[in-house]
Amino acid sequence: GCLLLWLLPSVLRVQSNGEARPRSTPCQQSPTKVSCKGVGLRKFPKELGQGVKYLELSNNFIQNLSGSHMPGFGQLEYLDVCFNQLEAISATTLAQLPQLRSLLLGSNHLDRNYLANGQAFHLLRNIEVLDLSANNLESHMAGWYVSNLTRLRMLDLSGNKMTRLPAGIFWSTPRLRELDLSDNYIMEIEEGAFEALKELEVVNLALNSLHCISGFSLTQLRVLNLSHNALELFVSEEGAEPYLLQVLDLSHNRLLYFPELPKAHYLTHLNLSNNLIASLLPGSRHLGEFVLRYEEMARFNRTLHTAAGLTHVADLDLSNNRLQLFPFTFFHSLGSLHSLSLAMNCLQEVAGESLAGGTEPSDRSPAPAALSVRSLDLHGNAIRVLPRWFFDSLPQLETIDLGSNSLQPCESQGSDRGGNSGGASRVPVLGGTCTPFYNVPRLKHLSLCKNNITRLQPYAFNQTSLLSLDLSGNKDLFVPKEALGGLEFSLQKLSLRDNQMDDSKAELPCLNILKVLDLSGNNLSLLPTGLFCSPLESLDIRNNNLLTLEKPALASWSPSLKDMSIAGNPFSCCSLAWLDT
């Protein structure tokens, strides 16, 4: 519900003649809320209207919270003093805030006078939410500030100068549920630092300097963010109690292999992007190079079951690693996996079975068991061909990004390629050098941008009911009229951007429900006539060689067209009648 804000009721100032005249203030007020955000205040207000529960003083120049007698503050539950110049907080002031539940003090100077300030904090007996972010606090200062806040549920210590978490730092905050320690300099977490926090559910340790997490034992956690550290090892503690962890972010670290999470049965989102993982197969030769770097690594036993317990993982991000092989076998146990990213790796091959024995992948490999993946991102690799069983093993696949690879679509070999006879064969016609994209009935969105495709084969996507197709960035691409055969009644979005195509290379068929078309960055002097029947809503023809636009095309699009980008064309000022349409 929105709160309507009115000017704070005028304060009466008595003039010399005895009459009262109003003095306006820059604050805004509703019955229970006062906002003085960014109005230039230099002092804490002394009075509040009766019944105010919410006071916002952020973005001002207040240096201290002090006051001997402050009428109207007794009901205050929420106080925001972020982004001020605060360095002193008096016990007298806090003693007059018995109902305070949320105190936001981020981006101030609370490293100064921290002993006296921390002593005053002992009066905050009912505080549940505390923001001390960006206050230049060192570890011992932060520990002192929270040393008596037994009802605290949410604590933000991000953006400070903490270097370690000593044992017992959170002994006085046993009810803490959410803890933000991101953007510090934490290099060490002593054993027992989190031991008292039995209700802790969300921890953010991103942007620190942690190198190793071994014996991870916070079984009650739901969300853990360890991104942007220097982790080379993550090992959870083996115990009888299952982990309740649902979201784990280990991105932007130095992990050498997939983390060991044997008891993480509830994990749904796992982010391992931007690491150094070179293989998902057991017995990888890369492990021996690092196995003695930590005692934990020396006793670490990699097996085929690295991912065996991750039965609920729906979203797995392995992008920006060093993987050279896509082993289907590894993902078999991930029965709930819906979204998988292996983008920006070094993938060259797709393997149906484990290749630890040294066997080479081939198109004759047996099709592995099906995966439940719906969205797959493989862009930015070096894949030259996908085996013919690839799409059969991904029966739920709806979206795939294969941009920036080297894939060539095969020609469909169906007996009735223009129809739906179901007779399409999966035998590639180019001797295993092309990838069959036809007869993939569940696939809806396909990107083949920047694959160095120079010619689309006839009926390349027949019996694949694509809604969107991206063929941009394929220089000198030739699209014969039959190439998009089979997409006439499904395709709604088509991109042929930046292909440097001339009129002879863009022979599009009648696409009956096409709504969005991008033809920018080509050398077209005429629009393909096949498009005149499409109910276009968005058309991008920037940076072509168009002198004019054909009236029949615009007339057919006029009922549907909503936006049109035409810049960068040498339009003739003598033939602009099309603008009337």
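Residues numbered from 1 in each chain as written. Predicted model: local features only at pLDDT ≥ 70, side-chain atom pairs only at ≥ 80, totals over all residues. Heavy atoms only, no water.

1. Some remarks on the nonpolar core
Membership of the largest hydrophobic core comes to 145 residues, with the highest contact counts inside it found for L316, F326, F331, F390 and F461. When neighbours within four sequence positions are excluded, F461 is seen to be in contact with F437, Y438, L446, L448, L456, L466, L469, A483, L484, G485 and L487. (Core = buried A, V, L, I, M, F, W, Y, C linked by side-chain atoms within 4.5 Å. Buried < 20%, exposed > 50% of the residue type's maximum accessible area, 1.4 Å probe, protein only. Contact = heavy atoms within 4.5 Å.)

2. What to know about the packing of aromatic side chains
Here the structure, examined in full by the defined rule, presents 18 aromatic pairs. Summarising the aromatic geometry, the rings of F44 and F73 are spaced 5.4 Å apart at their centres and angled 40° between planes, so their arrangement reads as tilted. Taken together, the residues F44 in the loop between strand 5 (33–35) and strand 6 (54–56) and F73 in the loop between strand 7 (64–65) and strand 8 (78–80) connect sequence positions 29 residues apart. Here the two residues F44 and F73 agree in accessibility, since each one is buried. Here F532 and W557 contribute two aromatic rings whose centre-to-centre distance is 6.3 Å and whose plane-to-plane angle is 85°, an arrangement assigned as edge-to-face. Of the two residues, F532 is situated in the loop between strand 31 (516–518) and strand 32 (538–540) and W557 in helix 5 (residues 551–557); the sequence distance between them amounts to 25 residues. Neither residue differs from the other here; F532 and W557 are each classed as buried. Three or more aromatic residues link up through ring pairs in this structure, and these residues are F258, F326, F328, F330, F331, W389, F390, F391, F437 and F461. (Phe/Tyr/Trp six-rings, centres within 6.5 Å; stacked < 30°, edge-to-face > 60°. Helix = DSSP H or I, 4+ residues; strand = E, 2+ residues; numbered from the N terminus.)

3. Focus: the pairing of strand 19 (residues 233–236)
Going residue by residue along strand 19, you find L233 and V235 tucked away on one face and F234 and S236 tucked away on the opposite face as well. Pairing geometry for strand 17 (residues 212–216) and strand 19, over four bridges, is parallel. Following the sheet pairing, F216 is matched in strand 19 by S236. (Pairing = 2+ DSSP bridges.)

4. A closer look at the state of the cysteines
A full pass over the atoms with the stated rule returns three disulfides. Covalent S-S linkage joins C410 and C434, the inter-sulfur distance amounting to 1.9 Å. Taking the torsion about the sulfur-sulfur bond, which here is approximately 100°, the covalent link between C410 and C434 counts as right-handed. Highlighted residues: C410 in the loop between strand 27 (399–401) and strand 28 (445–447) and C434 in the loop between strand 27 and strand 28, separated in sequence by 24 residues. Each member of the pair, C410 as well as C434, carries the same accessibility label: buried. Each disulfide of the protein chain joins two cysteines, and with those cysteines numbered along the sequence the arrangement is 1-2, 3-4, 5-6. (Disulfide = S-S within 2.5 Å.)

5. Remarks on the environment of I453
Tracing the chain through its elements places I453 in the loop between strand 28 and strand 29 (468–470). Take I453: its relative accessible area is 0%, and that puts it in the buried class. In this structure the C-alpha to C-alpha distance between I453 and S472, which are 19 residues apart in sequence, comes to 9.8 Å. Apart from residues lying up to four places away in sequence, I453 is in contact with L407, Q408, P409, L448, N474, K475 and L477.

6. What about the pattern of salt bridges?
All chains considered together, the criterion is met by eight salt bridges. As a salt-bridge pair, R164 and E190 come within 2.2 Å of each other at their nearest N and O atoms. Linking R164 in strand 13 (residues 164–165) with E190 in the loop between strand 15 (188–189) and strand 16 (202–204), this pair joins segments that are 26 residues apart in sequence. Since its relative accessible area comes to 30%, R164 is described here as partly exposed. Exposure remark for E190: the relative accessible area of 25% places this residue in the partly exposed category. For R497, the salt bridge is made with D498, and the minimal N-O distance between the two is 3.8 Å. Given the relative accessible area of 31%, R497 is considered partly exposed. (Salt bridge = Lys/Arg side-chain N within 4 Å of Asp/Glu carboxyl O.)

7. Considering helix 2 (residues 114–121)
For helix 2, the set of buried residues is Y114, N117, G118, A120 and F121. Angular distribution of buried residues about the axis of helix 2 spans 155°; they occupy a single face of the element. Exposed and facing more than 90 degrees away from the buried side of helix 2 are L115 and A116. Turning to helix 2, the residues buried within the fold contact strand 9 (88–89), helix 1 (91–95), strand 10 (102–104), strand 11 (129–131) and helix 3 (139–145). (Arc of directions from axis to C-beta.)

8. Re the confidence of the model for the protein chain
Across the protein chain, the average pLDDT comes to 86, with 85% of residues at or above 70. When the criterion is pLDDT under 50, residues 283–304 qualifies, and its contacts beyond four places in sequence or with other chains add up to 29 contacts. In the model, residues 418–431 has pLDDT below 50 throughout and makes 35 contacts with residues more than four positions away in sequence or in other chains. (pLDDT = per-residue confidence, 0-100.)

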